[in-house]
Amino acid sequence: MNDTYKAGEFSKMEERTKYEKDRLLEEAMTDYGNDVYYVVYSYVKEHSLAEDLTQEIFIKFYQKMDTFREDSSLKTWIISVAINHCKDYLRRWDTRMVSISNKINDLVKGKMGAPEQTVIKNEQNSELIQSVLALPLKYREVIFLYYFEEMKLAEIGASLDINTNTVKTRLTRGKALLGSTIKRREVYKNG
């Protein structure tokens, strides 16, 4: 057996051996691990949580890899799995309650709005990424996939299960929102 497998070679087989599944998982993690992590981070905005969810996504990928039908590229399929997993995670009741509890704890402890922490946070994250993360989800995900993941419009549509024209519209509106946000920040900074 050849030790260097490509994802497309596996998808043609109906049943994969454990060795083949392990190799495909390893390749997918190597090739798309960072992409999946960044997509997840764009949803949850927390590094350790994004790492945990990325691991869960690759476990789900391993369990369901036999269902990949090559209707799209493997990257598009994995990103689609990641997006759906993140949306499911964010919809869970316990997730919303933990998020609300964390915000309340931060308010009680005086962490929110502290000038020192605001400066540190602004230094750690670029203004562009902050602006993108502040966009509504439907614009944020399209802009993130297009500019940061360099996916084509059709791939984004397939990943999000929306029409390509909808992707174009969201991308245009998202860019406009992003532009106005950046202009407002510049005016505020410059007085």
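Residues numbered from 1 in each chain as written. Predicted model: local features only at pLDDT ≥ 70, side-chain atom pairs only at ≥ 80, totals over all residues. Heavy atoms only, no water.

Q: Can you walk me through the packing of helix 3 (residues 47–64) against helix 4 (residues 74–91) in this structure?
A: Between two packed helices, what matters for the description is the angle formed by their axes and the separation of those axes. Between helix 3 and helix 4, the least distance of the axes is 10 Å, while the angle of their chain directions is 125°. Between helix 3 and helix 4, the angle falls in the class oblique. The two elements helix 3 and helix 4 meet at a crossing, and its hand is right-handed. On the side of helix 3, the interface is formed by Leu49, Leu53, Glu56, Ile57, Lys60, Phe61 and Lys64, while helix 4 contributes Leu74, Trp77, Ile78, Val81, Ala82, His85 and Tyr89. (Axes fitted to C-alpha atoms, helices over the stretch in contact; angles between N-to-C directions. Helix = DSSP H or I, 4+ residues; strand = E, 2+ residues; numbered from the N terminus. Parallel < 35°, antiparallel > 145°, perpendicular 65-115°, else oblique. Left-handed = near helix turned anticlockwise from the far one by under 90°. Contact = heavy atoms within 4.5 Å.)

Q: Please explain the packing of helix 4 against helix 9 (residues 153–160) as it appears in this structure.
A: Where helix 4 contacts helix 9, the two axes come as close as 8 Å, and the packing angle between them is 40°. Viewed along their axes, helix 4 and helix 9 adopt a mutual orientation that is oblique. When you trace helix 4 past helix 9, the crossing you get is right-handed. When helix 4 is examined against helix 9, the residues Thr76, Ile79, Ser80 and Ile83 are found in contact with a partner set consisting of Glu155, Ala158, Ser159 and Leu160. Of the residues belonging to the contact of helix 4 with helix 9, the class tally is four nonpolar, three polar and one charged. (Nonpolar A, V, L, I, M, F, W, Y, C, P; charged D, E, K, R; others polar.)

Q: Can you help me understand helix 2 (residues 18–44) in this one?
A: In this model, helix 2 (27 residues) spans only 32 Å end to end at C-alpha, well below the 39 Å of a helix rising 1.5 Å per residue. Its maximal kink placed at tyrosine 32, helix 2 deviates by approximately 65°. Remark: lysine 45 follows helix 2 within two positions and exhibits a positive phi of approximately 55°. (Expected span 1.5 Å × (residues − 1). Bend = angle between axes of the 7 residues up to and from the residue.)

Q: In this structure, what is going on with the environment of serine 73? I would like to understand it.
A: Summarising the element assignment, serine 73 is placed in the loop between helix 3 and helix 4. Considered as a pair, serine 73 and alanine 158 are 85 residues apart in the sequence and their alpha carbons are 9.8 Å apart. Serine 73 has contacts with Phe68 and Glu155, leaving out every residue within four places of it along the chain.

Q: What am I meant to see in a negative patch on the surface here?
A: Together, Glu46, Glu51, Asp52 and Glu56 line one region of the surface with negative charge. Topologically, aspartate 52 is positioned in helix 3. Overall, the relative accessible area of 42% leaves aspartate 52 in the partly exposed class. (Patch = residues over 30% accessible without salt bridge, like charges linked within 9 Å, V, L, I, M, F, W, Y side chains within 5 Å. Areas by Shrake-Rupley, 256 points an atom, 1.4 Å probe, with all protein chains shown as cover. Salt bridge = Lys/Arg side-chain N within 4 Å of Asp/Glu carboxyl O. Lys, Arg positive; Asp, Glu negative; His and termini not counted. Charge placed at Lys NZ, Arg CZ, Asp CG, Glu CD. Buried < 20%, exposed > 50% of the residue type's maximum accessible area, 1.4 Å probe, protein only.)

Q: I tried to follow a nonpolar patch on the surface on my own but got confused; where do I start?
A: Where nonpolar side chains cluster on the molecular surface, the patch consists of Leu128, Ile129, Tyr146, Tyr147, Phe148 and Ile182 and spans about 500 Å² of accessible area. Sorting the residues of the nonpolar patch by element identifies helix 7 (127–134) and helix 8 (137–148) as the ones contributing at least two each. A total of three residues in the nonpolar patch trace back to one element, the largest contributor, which is helix 8. Inspection of the secondary structure assignment puts tyrosine 147 in helix 8. Look at tyrosine 147 and you get partly exposed, because its relative accessible area is 41%.

Q: I tried to follow the side chain of lysine 75 on my own but got confused; where do I start?
A: With respect to the element layout, lysine 75 can be found in helix 4. Apart from residues no more than four positions distant in its own chain, lysine 75 is found in contact with Tyr32, Asp35, Glu149 and Met151.

Q: Can you help me understand helix 9 in this one?
A: Along an α-helix, a turn takes 3.6 residues, which lines up residues three or four apart on a common side. Buried within helix 9 we find Ile156, Gly157, Ser159 and Leu160. Buried residues of helix 9, seen end-on, are gathered within an arc of 165° and therefore sit on one face of the element. Backbone geometry just downstream of helix 9 places aspartate 161 in the positive-phi region, at approximately 60°. (Arc of directions from axis to C-beta.)

Q: Would you take a moment to explain the confidence of the model for the protein for this structure?
A: Close reading of the predicted structure is inappropriate where its pLDDT is low. Per-residue pLDDT for the protein averages 77, and the proportion of residues at 70 or more is 71%. Mean pLDDT across the secondary structure elements of the protein bottoms out at helix 1 (residues 7–11), with 46, and peaks at helix 3, with 91. Confidence drops under a pLDDT of 50 for residues 1–14, and excluding neighbours within four residues, the segment shows 25 contacts in the predicted structure. (pLDDT = per-residue confidence, 0-100.)

Q: Help me understand the nonpolar core, please; the structure alone is not making it clear to me.
A: The nonpolar side chains of a soluble globular protein tend to be buried, and buried together. One finds Phe61 and Leu145 to be the most contacted residues of the largest nonpolar core, which totals 42 residues. Residue assignment for this core shows that the elements contributing at least two residues are helix 2, helix 3, helix 4, helix 7, helix 8, helix 9 and helix 10 (164–190). It is helix 2 that contributes the most residues to this core, eleven residues altogether. (Core = buried A, V, L, I, M, F, W, Y, C linked by side-chain atoms within 4.5 Å.)

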